[in-house]
Amino acid sequence: MHSENKYEYNIFSGIIRSRLDIKLKLKINIMVNFSLEGKIALVTGASYGIGFAIATAFAQAGATIVFNDIKQELVDKGLAAYKELGIEAHGYVCDVTDENAVNAFIAQVEKEVGVIDILVNNAGIIKRIPMHEMSAAEFRQVIDVDLNAPFIVSKAVIPSMIKKGHGKIINICSMMSELGRETVSAYAAAKGGLKMLTRNIASEYGEYNIQCNGIGPGYIATPQTAPLREPQPDGSRHPFDAFIVAKTPAARWGTPEDLMGPAVFLASDASNFVNGHVLYVDGGILAYIGKQPK
Ligand code: NAP
Ligand code: GCO
């Protein structure tokens, strides 16, 4: 801490004008900034995988958890998994692509749990099909879940966030928000679009104290990526698995737990002046040119 006459500078709380102020402000522990105590968080598609890890982190930081999934059996499975961790989550069936269903769901949550402070648009699908073999219907389906749905759900929560005077929206983006690869044209188009929707929500609603940021996970070991990690019939590593480990400076796949800290940061007051970013949690993939030839 730098001290000069009556002015002192505290890296956590900015310039403080008097020693009395300092005494008061220092009582505010920096960790309080990361607390989600008293907040209500909705994480879509959070029965398992990345959404489950993020919702669990939010609960550990003090938030009340609401999640949805597309099927009752998934919701039941999710509820049981949260309960095992001592978390009393609120689970609902809702297809995030259905605007009427989403509006009814959000109204029900507001009535039964309260106004949503934090929304994570996590529900997503991927179809790995070469573009020239993909039907327009298949392409649309991916765009519908991965891009249209975050628009629909965000739109449904924003009016109450405006009334409440704050809100956090986190969109789960992807490496494919920046990079292309064979067979994932629809997914890349959707996740690239989601990055721009993130920036636009930040631009349009920042003045209402709503922060909208993205998380761009690298390659994370979940059921979604299981086919890319399946061992070959001879027991050797899947070539894509080996490719990703070589592409990642951290030299491993990520885990859903790797996303917990970044998500809590973006959901908490610690990030109140962070708006319109995508935080890539990728073990360094986007920074790396690739292994040099020996
Ligand atoms: P996941 O294991 O497939 O989980 C996604 C969840 O969303 C599933 O529970 C899924 O239900 C649900 N869902 C799908 N369509 C829905 C709909 N219309 N309405 C409501 N829920 C729906 O995926 P994940 O790997 O945890 O990924 C979560 C998010 O992170 C996705 O947006 C994904 O694109 C993104 N992401 C993943 C990775 C990765 O490497 N795994 C990397 C970057 C970004 P069903 O099981 O019934 O489909
Ligand atoms: C794929 C993968 C990816 C990841 C992730 C990367 O087939 O390339 O499924 O798209 O899931 O989104 O960030």
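About the cut-offs
- Residues numbered from 1 in each chain as written.
- Chains lettered and ligands numbered in written order.
- Predicted model: local features only at pLDDT ≥ 70, side-chain atom pairs only at ≥ 80, totals over all residues.
- Heavy atoms only, no water.
- Near = heavy atom within 4 Å.
- Polar contact = N/O pair within 3.5 Å; in protein donor to acceptor, adjacent residues only side chain to side chain.
- Areas by Shrake-Rupley, 256 points an atom, 1.4 Å probe, with all protein chains shown as cover.
- Helix = DSSP H or I, 4+ residues; strand = E, 2+ residues; numbered from the N terminus.
- Axes fitted to C-alpha atoms, helices over the stretch in contact; angles between N-to-C directions.
- Left-handed = near helix turned anticlockwise from the far one by under 90°.
- Contact = heavy atoms within 4.5 Å.
- Nonpolar A, V, L, I, M, F, W, Y, C, P; charged D, E, K, R; others polar.
- Buried < 20%, exposed > 50% of the residue type's maximum accessible area, 1.4 Å probe, protein only.
- Pairing = 2+ DSSP bridges.
- Expected span 1.5 Å × (residues − 1).
- Arc of directions from axis to C-beta.

Q: Honestly, the site of ligand 1 in this entry has me stumped. Any pointers?
A: The local shell around ligand 1 holds 29 residues, among which Y48, N122, Y187, I220 and T222 are the closest. Interatomic distance of 2.6 Å between a side-chain N/O atom of Y48 and an oxygen atom of ligand 1. Residue D69 places a side-chain N or O atom 2.9 Å away from an oxygen atom belonging to ligand 1. Starting from 880 Å² of accessible surface for ligand 1 in isolation, the protein chains cover 91%. Those elements that place two or more of their residues in the shell around ligand 1 are helix 2 (49-60), strand 5 (64-69) and helix 6 (185-205).

Q: What am I meant to see in the packing of helix 4 (residues 99-112) against helix 5 (residues 136-164) here?
A: Axes are the key here: two packed helices are described by the angle between their axes and the distance separating the axes. The geometry of helix 4 relative to helix 5 is characterised by a closest axis approach of 9 Å and an angle of 35° between their N-to-C directions. Regarding helix 4 and helix 5, the two cross each other, and that crossing is right-handed. Here E99, V102, N103, I106 and E110 of helix 4 lie close against helix 5, whose contacting residues are I152, V153, K155, A156, V157 and S160. In terms of residue class, the contact of helix 4 with helix 5 is made up of six nonpolar, two polar and three charged.

Q: Which parts of the structure should I look at to understand the environment of C173?
A: Among the secondary structure elements, C173 is positioned in the loop between strand 8 (167-172) and helix 6. Measuring from C-alpha to C-alpha, the distance between C173 and G218 comes to 9.6 Å, with 45 residues separating the pair along the chain. If sequence neighbours within four positions are ignored, C173 has contacts with K191, L194, K195, T198, G214, I215, G216, P217 and V278.

Q: Looking at this structure, how should I read unusual backbone geometry?
A: Generally, phi is negative for residues other than glycine and the peptide bonds are trans, each holding for most cases. A positive phi angle, near 75°, is found at T183, a position not held by glycine. Mapped onto the elements, T183 comes out in the loop between strand 8 and helix 6. Of note in the backbone geometry, N209 takes a positive phi value of approximately 65° without being a glycine. Looking at where N209 falls in the secondary structure, it is placed in the loop between helix 6 and strand 9 (210-217). On the accessibility criterion, N209 (33% relative accessible area) is partly exposed.

Q: I would appreciate a short explanation of the sheet that holds strand 6 (residues 90-93) in the present structure.
A: Note: strands within a sheet are paired through backbone hydrogen bonds, in either parallel or antiparallel orientation. One open sheet holds the seven strands; their spatial order is 6-5-4-7-8-9-10, and the pairing between them is parallel. At either end of the open sheet lies a strand with only one pairing partner, and these are strand 6 and strand 10 (278-281). Each strand axis lies, on average, 20° off the axis of its neighbour in the sheet, ignoring direction.

Q: What's the story with the side chain of T222 in this structure? I'm lost.
A: Its location among the elements puts T222 in the loop between strand 9 and helix 7 (239-247). Once residues lying within four places of it in the same chain are set aside, the contact partners of T222 are G49, I50, R229 and P256.

Q: Explain helix 4 to me, please; I cannot follow it from the model alone.
A: An α-helix turns once per 3.6 residues; consequently, residues spaced three or four apart project the same way. Here helix 4 spans 20 Å end to end across 14 residues, near enough to the 20 Å set by a 1.5 Å rise per residue. When helix 4 is considered as a whole, its buried residues turn out to be V102, F105, I106 and V109. Down the axis of helix 4, the sector holding all buried residues measures 95°, keeping them to one side. Exposed positions of helix 4 whose direction lies more than 90 degrees from the buried face are N100, K111 and E112. Elements that come into contact with the buried residues of helix 4 comprise strand 4 (40-44), strand 5, strand 6 and helix 5. For helix 4, the N-terminal capping position is held by D98, with its side-chain oxygen 3.2 Å away from the main-chain nitrogen of N100.

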